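Understanding the architecture of this molecule
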Number of protein chains: 2
Amino acid sequence: MEFAMADHTPPDTAAYGPTERTVPTRSRDRASYDRETVHAILDESYLCHLGFVRDGAPVVLPTLYARVGDALYVHGSTGSRPLRMTGEADPGLPVCLTVTHVDGLVLARSAFHHSINYRSVVVHGTARQVTDPQEKNLALDALVDQVVAGRSADCRPADAKELAATAVIRLDLTEASAKARTGGPNDDDADMGLPHWAGVIPVARTYGAPVPSADLTDTVPLPAYLTPHA
Amino acid sequence: MEFAMADHTPPDTAAYGPTERTVPTRSRDRASYDRETVHAILDESYLCHLGFVRDGAPVVLPTLYARVGDALYVHGSTGSRPLRMTGEADPGLPVCLTVTHVDGLVLARSAFHHSINYRSVVVHGTARQVTDPQEKNLALDALVDQVVAGRSADCRPADAKELAATAVIRLDLTEASAKARTGGPNDDDADMGLPHWAGVIPVARTYGAPVPSADLTDTVPLPAYLTPHA
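What counts and what doesn't
Residues numbered from 1 in each chain as written. Chains lettered and ligands numbered in written order. Predicted model: local features only at pLDDT ≥ 70, side-chain atom pairs only at ≥ 80, totals over all residues. Heavy atoms only, no water. Buried < 20%, exposed > 50% of the residue type's maximum accessible area, 1.4 Å probe, protein only. Helix = DSSP H or I, 4+ residues; strand = E, 2+ residues; numbered from the N terminus. Pairing = 2+ DSSP bridges. Expected span 1.5 Å × (residues − 1). Contact = heavy atoms within 4.5 Å. Buried area = accessible area lost by both parts, 1.4 Å probe. Salt bridge = Lys/Arg side-chain N within 4 Å of Asp/Glu carboxyl O. Nonpolar A, V, L, I, M, F, W, Y, C, P; charged D, E, K, R; others polar. Core = buried A, V, L, I, M, F, W, Y, C linked by side-chain atoms within 4.5 Å.

Describing the pairing of strand 3 (residues 57-64) of chain A
Residues and elements named next belong to chain A.
- A large share of strand 3 lies buried, amounting to 8 of its 8 residues.
- In terms of strand pairing, strand 2 (residues 47-54) meets strand 3 through 8 bridges, oriented antiparallel. Residue pairing in the sheet places Phe 52 in a bridge with Val 59 of strand 3.
- Turn length for the strand 2-strand 3 hairpin, with the two strands adjacent in sequence and antiparallel, is 2 residues, and the turn residue Asp 55 shows positive phi of about 55°.

Next up, the structure:
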């Protein structure tokens, strides 16, 4: 299939690159370093897969992220292993942060030309712990608002004990690339007459109606920022 | 927030572990090594994030996978960098393969207790190129069927040239862990009276009606295995 393991990114003049490791070996026409393209893909999600190296081996963990300008923030317990690693490593922890949207399943007449419509961003860089209290608060608000816009203003902020238990790391958006596939199947001319259905099955991440907590009193209405979900 | 960067996996007697690197430092009660749990999470998707180390730095790429028994398969062009690395490295390429489902956004009265309902699997191991032609064909069929069950029997199989251009790597499911969060927010008792809405917004990956390719003739009907999507 076409949606196979390959590196990210192509030639393009732009904000975030290209560097040797963001220029992909395959499908260079699908990649971009454009800042707006990268931001748009990042802003549509909140779940990333963060990779780092531990004892020489790769580790990939799902976690939340927030974008604030040209910085990405990730948080974790101060006791968690990856967060301790950013603290231990003086020059920071080399990471790769990847965000992927699946937009469609592409069915071609041939197995080889099956593919996935997708948009993804890969960010390489060094993660560093945020020590400035003001930046840390801003990042924690951004992490809540990345998931539900407007929510950070409508909940109790972290108290001193919670803040002390939470570490925030920053990854600057300096080496980033976007990659995308759109459209229908690209079958070979010789396969056009084959009796196999060809086309695209759209895929999306969708949201159901909000389910109130069992212990929520009737006096608390659904807030306006959640009505798009209702 | 609770859904923060932390390691995977807990204490449990089971199929796939535990090992030092699959026992998480945080939320051990959310983890499992049970083979059926791991398989169920893997079988519900086809998109993974695959991590490996290149020049000492982590790389995380989105790609398709298929599960066949206790093996995972990933494929790519023989010319792509990660695939060349599995070929070059005699003992194989150390990888981490992660699959994550987002099931809900958990909104608590406090910023700190916001979370995500999710299910994820993290697999550590060594990826090796598949050289046996029979296993390679089986893996390529499985990659198509992982995306749309039944599809591999209803398309043109890869020809010799396409097979030569495609590399398949196998990752055995020997060191794997599942982790999940379910349920509503876990607010502190002291926060129960706060005037903030609390609950869960369900999240799912959903599929739209199949869109036929513009060049598909009317004589090819929608196959039965796609009617759940229609």
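Some thoughts on helix 3 (residues 133-147) of chain B
- For helix 3 of chain B, with 15 residues, the first-to-last C-alpha span of 22 Å sits near the 21 Å given by 1.5 Å per residue.
- Those residues of helix 3 of chain B that fall on the buried side of the exposure criterion are Glu 135, Lys 136, Ala 139, Leu 140, Ala 142, Leu 143, Val 144, Gln 146 and Val 147 of chain B.

Focus: the side chain of Glu 175 of chain B
Residue and element names in this part refer to chain B.
- In this fold, Glu 175 is placed in strand 9 (residues 175-181).
- Its relative accessible area of 13% is what places Glu 175 among the buried residues.
- If sequence neighbours within four positions are ignored, Glu 175 has contacts with Tyr 16, Thr 19, Arg 21, Thr 22, Val 122, Val 123 and His 124.

Structural notes on the interface of chain B and chain A
- Taken together, the contact pairs 103 residues of chain B with 103 residues of chain A.
- The contact between chain B and chain A buries some 8700 Å² in all, and 64% of this surface belongs to carbon and sulfur atoms.
- Summed over the shared surface of chain B and chain A, the result is 6 salt bridges.
- One salt bridge connects Arg 109 of chain A with Asp 215 of chain B, and the closest N-O pair in it is separated by 3.1 Å.
- At 9 residues, the largest contribution of residues to the side of chain B that touches chain A is made by strand 10 (residues 199-207) of chain B.
- Within the side of chain B that touches chain A, the residues separate by chemical class into 63 nonpolar, 24 polar and 16 charged.
- Taken together, the 2 bridges between strand 11 (residues 211-212) of chain A and strand 10 of chain B define a ladder with antiparallel strand orientation. Its bridge partner lying in strand 10 of chain B, Val 211 of chain A is registered against Val 200 of chain B.

Quick notes on the nonpolar core
- In this structure, Leu 97 of chain A together with Leu 97 of chain B are the most contacted members of the largest nonpolar core, which totals 60 residues.
- When near neighbours in sequence (up to four residues on either side) are disregarded, Leu 97 of chain A contacts Cys 48, His 49, Leu 50, Leu 72, Val 74, Val 121, Val 122, Val 123 and Leu 171 of chain A.

Any link to function would need more than the numbers given here.
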